[in-house]
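Structure assessment
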Amino acid sequence: MKDFLDLVLDPQFMLAILTAIGVAATVFTIALPVLEKDPLKTRIKTVALEREQIRARERAKLATNESKIQLRSEAKPFMRELVDRLQLKNILSDEQTINRLRMAGKRGQAAITVFLFARFVLPFILFAVALFYFFVIGFMADRPIGFRLMLTIGAAAVGLYLPNVYVSNMITKRQQSIRRAWPDALDLMLICVESGMSIEPAFRKVGEEIGSQSVELAEEMVLTTAEMSFLADRRKAYENLGARTGLEGVKAVMTALIQAERYGTPVGTALRTLAQENRDMRMAEAEKKAAALPPKLTVPMIIFFLPVLFVVIMGPAMIQIFHWQ
């Protein structure tokens, strides 16, 4: 025991121990960063794997949806044959026609084929109906033949533009549905982004939740999510969403998202400002409709309410006058 205490108290032994501890600490300090795994690389690898899984899942969903859409809206063989044989795509359609069909929710070659077939066939059908109505049945027989022939040609011209009118009505209804639900979709997207979600899961979540309010907007959000998984640049997916909807409010939000991704600005700040602007626009539209309501009610009140009011007021007096007579 005495020898051990002497050894411990020996200055040379203590110097050797401290030197060994210092050398070990130095080696450990130098070797630890080399041996330690980089958490950043691990996280980047995890994110990349998650992104690939999301892409694979969206590809599977999109393939399923495309197969369902093709089963529902595939053009008939005789339509395709007529359109291809007469080359109606070069005559009756252009890039603007395709964009308008997308805005109406009609995508793919089947929609274009049906549209072109309708534009080609309807004029002949209406021309034959008008010809039978004016010249066989004899409607307006007292009119000159030239006048009836002009009406027949006019019916054919109406048939040429009927598909365009139908597509325009579909675009209007679709835009109204998207416009009404868009501020709520922005609020949901803002909540998702501020809770820590990235933009792709935020789009997917909003598409799932907004479906009860607007099926059209939910469809566009899901399609945009699939495009972000497919395309290398999100900017193209944002631009496609703005082009498919044709609404200035949606285009403004997509432009803000493109700028936020390009310059690294916070997405939440831009979404909060744009959500407030879209809510104000919706409120202004509602106030405009409310302000236009009294002039619209003037004619119905004059036609329907005032006669009833006069009968109620003057009825008892007229009964008494007839009774006295």
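Keep in mind the model is a prediction, meaning the values are calculated, not measured.

1. What about the overall build of the protein?
Broken down by element type, the protein carries 14 helices and 0 strands. When the elements of the protein are put in sequence order from the N terminus, they spell out α-α-α-α-α-α-α-α-α-α-α-α-α-α. Counting across all 325 residues of the protein, residues that qualify as buried make up 27%. Of the contacts formed within the protein by residues at least 6 apart in sequence, a portion of 66% connects residues at least 24 apart.

2. Overview of the nonpolar core
Soluble globular proteins tend to bury their nonpolar side chains together. Counting residues in each nonpolar core, the largest one holds 31 residues, and the members touching the most others are Trp182, Met189, Phe203 and Met254. For this core, the elements supplying multiple residues, two or more each, are α8 (145-194), α9 (199-209), α10 (215-230), α11 (234-245), α12 (248-263) and α13 (267-291). Of all the elements, α8 adds the most residues to this core, at 9 residues. Not counting chain neighbours up to four residues away, the residues in contact with phenylalanine 203 comprise Met189, Met221, Thr224, Thr225, Met228, Tyr238, Leu241, Met254 and Leu257. Counting 14 residues, the second largest nonpolar core, distinct from the first, contains Met103, Ala104, Ile112 and Val167.

3. A short note on a positive patch on the surface
On the surface, a cluster of positive charge is made up of Arg179, Arg180, Lys289 and Lys296. Along the chain, arginine 179 falls in helix α8. Owing to a relative accessible area of 35%, arginine 179 belongs among the partly exposed residues under this scheme.

4. Observations concerning α12
In this model α12 runs 22 Å from its N-terminal to its C-terminal C-alpha over 16 residues, within 8% of the 22 Å that 1.5 Å per residue would give. When we look at burial in α12, the residues that qualify are Gly249, Val250, Val253, Met254, Ala256, Leu257, Ile258 and Ala260. Among the structural elements, α8, α9, α11 and α13 are those in contact with the buried residues of α12. Just downstream of α12, glycine 264 is the residue with a positive phi angle, here 75°.

5. A look at the packing of aromatic side chains
Going through the model one piece at a time under the given rule, you end up with 3 aromatic pairs. For the pair tyrosine 133 and phenylalanine 134, a centre-to-centre distance of 5.9 Å together with 80° between the ring planes defines the contact as edge-to-face. Overall, the relative accessible area of 39% leaves tyrosine 133 in the partly exposed class. The side chain of arginine 143 reaches across the aromatic face of phenylalanine 147, ending 5.6 Å from its centre.

6. So, the confidence of the model for the protein
On average, residues of the protein score 79 in pLDDT, and 80% of them are at 70 or above. Here residues 65-72 is a poorly scored stretch, pLDDT under 50, and it has 1 contact once near neighbours within four places are set aside; other chains count.

7. Details of the environment of alanine 155
Among the secondary structure elements, alanine 155 is positioned in helix α8. Apart from residues lying up to four places away in sequence, alanine 155 is in contact with Leu126 and Ala130.

8. Considering unusual backbone geometry
The phi dihedral of glutamine 87 is positive, around 55°, even though this residue is not glycine. Structurally, glutamine 87 can be placed in the loop between α4 (77-86) and α5 (88-92).

9. Some thoughts on the packing of α9 against α10
Relative orientation of the contacting elements α9 and α10 amounts to 155°, with a least axis distance of 8 Å. Taken as axis vectors, α9 and α10 run roughly antiparallel relative to one another. For the element pair α9 and α10, the recorded crossing hand is left-handed. Counting all contacts with α9, which are made through Ile199, Glu200, Phe203, Arg204, Val206 and Gly207, the residues of α10 involved are Ala218, Met221, Val222, Thr224, Thr225, Met228 and Ser229.

10. So, the pattern of salt bridges
Per the counting criterion, the structure on display carries 11 salt bridges. When the shortest N-O distance is used, the salt bridge between arginine 174 and glutamate 219 registers 3.6 Å. One end of the pair, arginine 174, is in helix α8; the other, glutamate 219, is in helix α10, with 45 residues separating them in the sequence. Judged by its relative accessible area of 8%, arginine 174 falls in the buried class. As a salt-bridge pair, glutamate 209 and lysine 205 come within 3.5 Å of each other at their nearest N and O atoms. Of this pair, glutamate 209 and lysine 205 both sit in helix α9, 4 residues apart, which is roughly one turn of that helix. On the accessibility criterion, glutamate 209 (43% relative accessible area) is partly exposed. Residue classification places lysine 205 among the partly exposed positions, given a relative accessible area of 33%.

Parameters and conventions
- Here the residue numbers are simple positions, counted from 1 along each chain's written sequence.
- Owing to the predicted nature of the model, reporting of local features is limited to residues with pLDDT of at least 70; listing and counting of side-chain atom pairs is limited to 80 or more, with chain, interface and lining totals taken over all residues.
- For the side-chain quantities, the full set of heavy atoms in the structure was used; hydrogens and water were omitted.
- Secondary structure elements are taken from DSSP: a helix is a run of H or I of four residues or more, a strand is a run of E of two residues or more, and numbering for both begins at the N terminus.
- Relative accessibility decides the category of a residue: with a 1.4 Å probe and only protein chains considered, values under 20% of the type maximum give buried, values over 50% give exposed, and everything between is partly exposed.
- In what follows, a contact means two residues having at least one pair of non-hydrogen atoms within 4.5 Å.
- To form a nonpolar core, buried Ala, Val, Leu, Ile, Met, Phe, Trp, Tyr and Cys residues must be joined to one another through side-chain atoms within 4.5 Å.
- For patch detection, residues must exceed 30% relative accessible area and be free of salt bridges, and they are connected within 9 Å for like charges or within 5 Å for nonpolar side chains (Val, Leu, Ile, Met, Phe, Trp, Tyr).
- The protein chains shown are the only cover counted for residues, whose accessible areas, like all others here, come from Shrake-Rupley with a 1.4 Å probe.
- Salt bridge criterion: a side-chain nitrogen from Lys or Arg within 4 Å of a carboxyl oxygen from Asp or Glu.
- Charged-residue counts in this description rest on Lys and Arg as positive and Asp and Glu as negative, His and the chain ends being excluded.
- Taken as the charge location is NZ of Lys, CZ of Arg, CG of Asp or CD of Glu.
- By definition here, a helix of n residues has an expected span of 1.5 Å times n minus one.
- In this scheme Phe, Tyr and Trp rings, the latter by its six-membered ring, pair at centre separations within 6.5 Å, and the angle between planes marks the pair as stacked below 30 degrees, edge-to-face above 60, and tilted otherwise.
- As a reminder, the over-ring test applies to NZ of lysine and CZ of arginine, requiring each to be within 6 Å of the ring centre and within 35 degrees of the ring normal.
- Confidence of the prediction at every residue is given by pLDDT, a number between 0 and 100.
- A fitted line through C-alpha atoms represents every axis, and for helices the fit uses only the stretch in contact; the resulting angles, taken between N-to-C directions, go from 0 to 180 degrees.
- Reported orientations rely on four angle classes, namely roughly parallel under 35 degrees, roughly antiparallel over 145, roughly perpendicular from 65 to 115, and oblique for the rest.
- When the near helix sits turned anticlockwise from the far one by under a right angle, the crossing is termed left-handed; a clockwise turn instead gives a right-handed crossing.

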